[in-house]
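One-letter residues, chain by chain:
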Amino acid sequence: MRSAPRASARSRLLLAGLGFTLLLLVAGWFMPKWLTFLLTMAASHGLVSLGIVLLMRGGVVSFGQGLVFAVGGYAAALGFARLGLTDAVGLTLMGGAAAVLVAAPFAPLLSRYRGIFFAMLTLAMSMVAYGVLVKTEMLGGSDGFNMGRATLFGQMLPDAYVGYVLYAVTIVFSAALALLARVYMDSTRGLVTLAVRENELRVEYLGGSVRRAMGINFVMAAFAGGTGGALTVMSLGHIDPNFSYWTSSGEFVFVAILGGWQSVLAVFVASTVLEVVRSFSSLYFPNTWQLALGLFLLLVIRFLPRGIGSLWVDRGWWSDEGEKK
């Protein structure tokens, strides 16, 4: 029977995820502040790219993930400034919910399109949002506006530990959503999405709804992007329309391609690699760091065409096949 090996693999995955999360939380206490901030950015941006990976499993790529990233960030900043909500957990959930509210009405429309049409429609939505944000003076226009320091469960964050607390909140949220995404990918609905990537017509013949599966993935991607935007804004303390600009979306697509669509962990590894390469490239090669990133991506595509995740997915780790080896 396959149920026992599958249950064992899931248990190992859960224990490994919890153990790795605990290790990151403990290690973060001893890290220098610059490294804590770098990993916070990597984890929050990885959440946005995780949404793209969910869409990639269905055979489409969103070039407008900056839209939900910006919506989540603005929702958190406005909730803090206008509504008086200061709790980091509440603001993160608010960012995710706001992104879902914005994205959900477009899900039925976008679920009809594939390939370049889906990519261009999502890019157009993101750039429309950018234009609106730049022209809206009450949101700070092109300069954006600052956000104050969040609290945690009603407690003010001291100066010495604010960076670590936000790091811990980001790591916990990222780990929780990553594990939920892995469970979803292994579920029946998640496997239907994978089947859509291979043969939409056969899925319809077998009674599955392709449009419903793609619509659900789009909404889930929006929630992941919105939470990532809220966590990023709380750490940066500032929000501006560039969150929705096409270059931001391009970076998230870069991470998704770098990690591959097979593994959730690979998305966060790729996001961390991007932040490290960008930070050190901009430090030592301030005028050519984009060239360094481009060369790095070319090397990955050449030697790991299925992404970083193929290093362990192709070996059957954390899978039923791995139980047989």
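Residues numbered from 1 in each chain as written. Predicted model: local features only at pLDDT ≥ 70, side-chain atom pairs only at ≥ 80, totals over all residues. Heavy atoms only, no water.

Asks: Honestly, the overall build of the protein chain in this entry has me stumped. Any pointers?
Replies: The secondary structure content of the protein chain amounts to 15 helices and two strands. Its C-alpha atoms give the protein chain a radius of gyration of 20 Å, within 12% of the compact-globule value 20 Å for 325 residues. Each of the three principal axes of the protein chain carries a C-alpha extent, and together these read 55 × 45 × 45 Å. Across the 325 residues that make up the protein chain, the buried fraction comes to 47%. A fraction of 80% describes how many contacts in the protein chain between residues 6 or more apart in sequence connect residues 24 or more apart. Total accessible area on the protein chain is roughly 16,000 Å²; 69% of this is exposed by carbon and sulfur atoms. (Helix = DSSP H or I, 4+ residues; strand = E, 2+ residues; numbered from the N terminus. Rg over C-alpha atoms; globule rule 2.2 N^0.38 Å. Buried < 20%, exposed > 50% of the residue type's maximum accessible area, 1.4 Å probe, protein only. Contact = heavy atoms within 4.5 Å. Areas by Shrake-Rupley, 256 points an atom, 1.4 Å probe, with all protein chains shown as cover.)

Asks: Can you help me understand empty space enclosed by the protein in this one?
Replies: Space left empty within the atom packing is revealed by a probe, the size of a water molecule, rolled over the atoms. In this structure the tally under the stated criterion is two cavities of 30 Å³ or more. Leu55, Ser62, Gly64, Gln65, Leu67, Val68, Ala103, Thr122, Met125, Phe218, Ala221 and Ala222 are the residues that line the largest cavity. When contributions to the lining of the largest cavity are tallied by element, the ones reaching two or more residues are helix 3 (65–81), helix 6 (115–135) and helix 10 (210–236). Volume-wise, the second largest cavity comes out at about 40 Å³. For the second largest cavity, the full set of lining residues is His45, Glu251, Phe252, Val255, Ser271, Leu274, Glu275 and Arg278. Sorting elements by how many residues they give to the lining of the second largest cavity places helix 12 (residues 265–284) first, with four residues. Looking at the lining of the second largest cavity residue by residue, the classes come out as three nonpolar, two polar and three charged. (1 Å grid on protein atoms, 1.4 Å probe; cavity = no way out; pocket = protein on both sides within 12 Å on 5 of 7 lines; lining within 4 Å. Points joined across faces, edges and corners; volume = space filled by probe spheres on them. Nonpolar A, V, L, I, M, F, W, Y, C, P; charged D, E, K, R; others polar.)

Asks: Sorry, what's going on with helix 4 (residues 88–103) here?
Replies: Along an α-helix, a turn takes 3.6 residues, which lines up residues three or four apart on a common side. Between its first and last C-alpha atoms helix 4 spans 23 Å; for 16 residues at 1.5 Å apiece the expected length is 22 Å, and the two agree. Structurally, helix 4 contributes buried residues whose contacts are with helix 3, helix 5 (107–110), helix 7 (162–186) and helix 10. Sitting at the head of helix 4, aspartate 87 places a side-chain oxygen 3.2 Å from the backbone nitrogen of valine 89. (Expected span 1.5 Å × (residues − 1). Polar contact = N/O pair within 3.5 Å; in protein donor to acceptor, adjacent residues only side chain to side chain.)

Asks: Looking at this structure, how should I read the packing of aromatic side chains?
Replies: Here the structure, examined in full by the defined rule, presents nine aromatic pairs. Seen in terms of ring centroids, tryptophan 29 and tyrosine 161 are 5.4 Å apart; in terms of plane orientation they differ by 10°. Their pairing is stacked. On the criterion of sequence distance, the pair formed by tryptophan 29 in helix 1 (residues 3–30) and tyrosine 161 in the loop between strand 1 (145–146) and helix 7 is long-range, its members being 132 residues apart. You can call tryptophan 29 partly exposed: its relative accessible area is 48%. A ring pair is formed by tyrosine 130 and tyrosine 245, whose centres lie 4.8 Å apart and whose planes are at 50°; its orientation type is tilted. Within this pair, whereas tyrosine 130 is found in helix 6, its partner tyrosine 245 is found in the loop between strand 2 (238–239) and helix 11 (246–259), the two being separated by 115 residues in sequence. On the accessibility criterion, tyrosine 245 (26% relative accessible area) is partly exposed. Through a chain of ring-to-ring contacts, three or more aromatic side chains come together here, namely Trp29, Tyr161, Tyr164 and Tyr167. One residue, arginine 302, lies across the ring of phenylalanine 303, its end atom 5.1 Å from the ring centre. (Phe/Tyr/Trp six-rings, centres within 6.5 Å; stacked < 30°, edge-to-face > 60°. Lys NZ or Arg CZ within 6 Å of the ring centre and 35° of its normal.)

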